[in-house]
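# Understanding the architecture of this molecule
Here are the chains, one letter per residue:
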Amino acid sequence: MHVLHDAPLAPLTTFRLGGPALRLVTAETDAEVIDAVREADDSGTPLLVVGGGSNLVIGDKGFQGTALRIATRGVELRGTTLELAAGEVWSDAVARSVEAGLAGIECLAGIPGSAGATPIQNVGAYGQEVSATISEVVAYDRRAGETVTLSNEECDFSYRHSRFKADPERYVVLRVRFELADAGGMSAPIKYAETARVLGVEPGDRVPLDRARETVLKLRAGKGMVLDADDHDTWSAGSFFTNPILTEEQFSAFQERARERLGEGVEPPAYPAGEGRRKTSAAWLIDKAGYTKGYGTGPARISTKHTLALTNRGEATTEDLLALAREVVAGVREAFGITLVNEPVMVGVGL
């Protein structure tokens, strides 16, 4: 276990933003993770768990407590079951599953961060979510003071949400087990329309696993969603806002607002989201409210490649980023009557 005091946290995040932690502990085994958590809990010290830092917005004043960086390693493949230590790099794990000829997470290629973060956020992209393949999550239960194994059902997964996100002070993820599929080297059925179009197939078709992964990587790179230290469009948390899920009544009111603003022929994006609900596009809302690619003149701006990514152009502070986020939220609310919700976890700050 490695311990630093008054340690910078910005370098541990993809935003490269945020002040220092009073104490930074780097744990390389599950036992070290548990020991660090117990020590913080026993002393009443605030605890911040850091994985890959791709979903964190840390305030400029930093964190007045212990930041626990999970750097555990371990990949075990047993048949179609893939077990990952929480600190494993997610994009590397996806590549490993494709090399093994196993389908189910190939369209989640290029997503930054660690494996342990994926169940917390129910990470998803290009028609796949980890909730479809996670079989079990091994976690330390801070309330019970013991290690527990939660089934997929017990994780309470929903869109960008889970039991872990709902009760962030209770669980620290240690390991994640995935049940993948052997489809003879072929992908899971392609669900996302853009991916199918680029691949030249119909939704529901399968393609070779490596082709699916490479296509997603190219799509993500074109939107600034693959980390590149030299590209400020990737100094972000990926999608900053979740796609709103609306009741039929709310969607009808939104449609009317959209037509009043943009013309009678406009049809906002709509996707099924369960009985009596529809999901619409946060990126569309942001763009149509006037916040186009590259919007902003300060050190924090909307990505030049994707309206859903807010970026640090190199000299931003967290307050610069939040000022832009609040401007976008207010503008979309005024234009369409919808309040966007941030996807990254806020530490010491809020919208």
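Residues numbered from 1 in each chain as written. Predicted model: local features only at pLDDT ≥ 70, side-chain atom pairs only at ≥ 80, totals over all residues. Heavy atoms only, no water.

## Thoughts on the sheet that holds strand 13 (residues 171-179)
- If you walk across this open sheet you meet the five strands as 6-7-13-11-12, and the pairing is antiparallel. Strands at the two margins of the open sheet, each flanked by one partner only, are strand 6 (75-78) and strand 12 (146-151). For this sheet, the mean inter-axis angle between neighbouring strands, taken without regard to orientation, is 20 degrees.
- Across four bridges, the pairing between strand 6 and strand 7 (residues 81-85) is antiparallel. Among the inter-strand pairings, V75 is bridged to a residue of strand 7, identified as L84.
- The strands touched by helix 1 (residues 30-43) are strand 11 (134-141), strand 12 and strand 13; relative to strand 13, the strand with the most contacts, the crossing angle is about 150 degrees.
- Contacts from helix 2 (residues 90-99) reach strand 6, strand 7 and strand 13, with the element oriented near 160 degrees to strand 7. (Pairing = 2+ DSSP bridges. Helix = DSSP H or I, 4+ residues; strand = E, 2+ residues; numbered from the N terminus. Axes fitted to C-alpha atoms, helices over the stretch in contact; angles between N-to-C directions. Contact = heavy atoms within 4.5 Å.)

## Section: the environment of T133
- Along the chain, T133 turns up in the loop between strand 10 (128-129) and strand 11.
- Spatially, the C-alpha atoms of T133 and V3 are 35 Å apart, while their sequence positions differ by 130 residues.
- Once you skip the residues sitting within four places of it in the chain, T133 turns out to touch G104, I105, R177, F178, E179 and L180.

## A few points about helix 6 (residues 209-222)
- Relative to the 20 Å expected for 14 residues at 1.5 Å per residue, helix 6 spans 20 Å between its end C-alpha atoms, a close match to the ideal helical length.
- Among the residues making up helix 6, those that are buried are L209, A212, R213, T215, V216, L217, L219 and R220.
- Those residues of helix 6 that are buried are in contact with helix 2, strand 8 (102-103), strand 9 (124-125) and helix 5 (193-199).
- Just past helix 6, the residue G224 takes up positive phi, approximately 70 degrees. (Expected span 1.5 Å × (residues − 1). Buried < 20%, exposed > 50% of the residue type's maximum accessible area, 1.4 Å probe, protein only.)

## Quick look at the layout of surface pockets
- For the second largest pocket, the calculated volume is near 420 Å³.
- What lines the second largest pocket is a set of 23 residues, and nearest its centre among them are T14, G51, G52, G113 and L227.
- Those elements that place two or more of their residues in the lining of the second largest pocket are strand 5 (63-70) and helix 2.
- Looking at side-chain class alone, the lining of the second largest pocket contains ten nonpolar, nine polar and four charged residues. (1 Å grid on protein atoms, 1.4 Å probe; cavity = no way out; pocket = protein on both sides within 12 Å on 5 of 7 lines; lining within 4 Å. Points joined across faces, edges and corners; volume = space filled by probe spheres on them. Nonpolar A, V, L, I, M, F, W, Y, C, P; charged D, E, K, R; others polar.)

## Concerning unusual backbone geometry
- At D6, a position not held by glycine, the phi torsion is positive, near 50 degrees.
- Unusually for a residue other than glycine, N122 sits at a positive phi of about 45 degrees.
- N122 gets classed as buried once you look at its relative accessible area, which sits at 0%.

## A word on the sheet that holds strand 17 (residues 277-279)
- In spatial order, the strands read 15-17-16; together these three strands make up an open sheet with antiparallel pairing. The two strands at the open ends of the sheet, each matched to only one other strand, are strand 15 (245-247) and strand 16 (271-272).
- Inspection of the sheet shows strand 15 paired to strand 17 by three bridges, in the antiparallel sense. Paired with T247 across the bridge in strand 17 is R277.
- Across the sheet, helix 7 (residues 248-262) is in contact with strand 15 and strand 17; its angle to strand 15 comes to roughly 100 degrees.

## With respect to the nonpolar core
- By size, the foremost hydrophobic cluster in this structure holds 53 residues, and its most contacted members are V33, L68, W90, I105 and F178.
- If you tally residues by element for this core, the top one is strand 13, at six residues.
- With residues near it in sequence (within four places) discarded, W90 still touches L84, I105, L108, I111, G113, S114, A115, T118, V130 and F178. (Core = buried A, V, L, I, M, F, W, Y, C linked by side-chain atoms within 4.5 Å.)

## Describing the packing of helix 7 against helix 9 (residues 318-336)
- In contact at an axis separation of 8 Å, helix 7 and helix 9 are set at 95 degrees when each is read in the N-to-C sense. When the axis of helix 7 is compared with that of helix 9, the two are roughly perpendicular. For the pair formed by helix 7 and helix 9, the contact residues are F254, R257, A258, R261 and L262 on the first element and R333, E334, A335 and F336 on the second.
- Grouping the constituent residues of the contact of helix 7 with helix 9 by class yields five nonpolar, no polar and four charged. (Parallel < 35°, antiparallel > 145°, perpendicular 65-115°, else oblique.)

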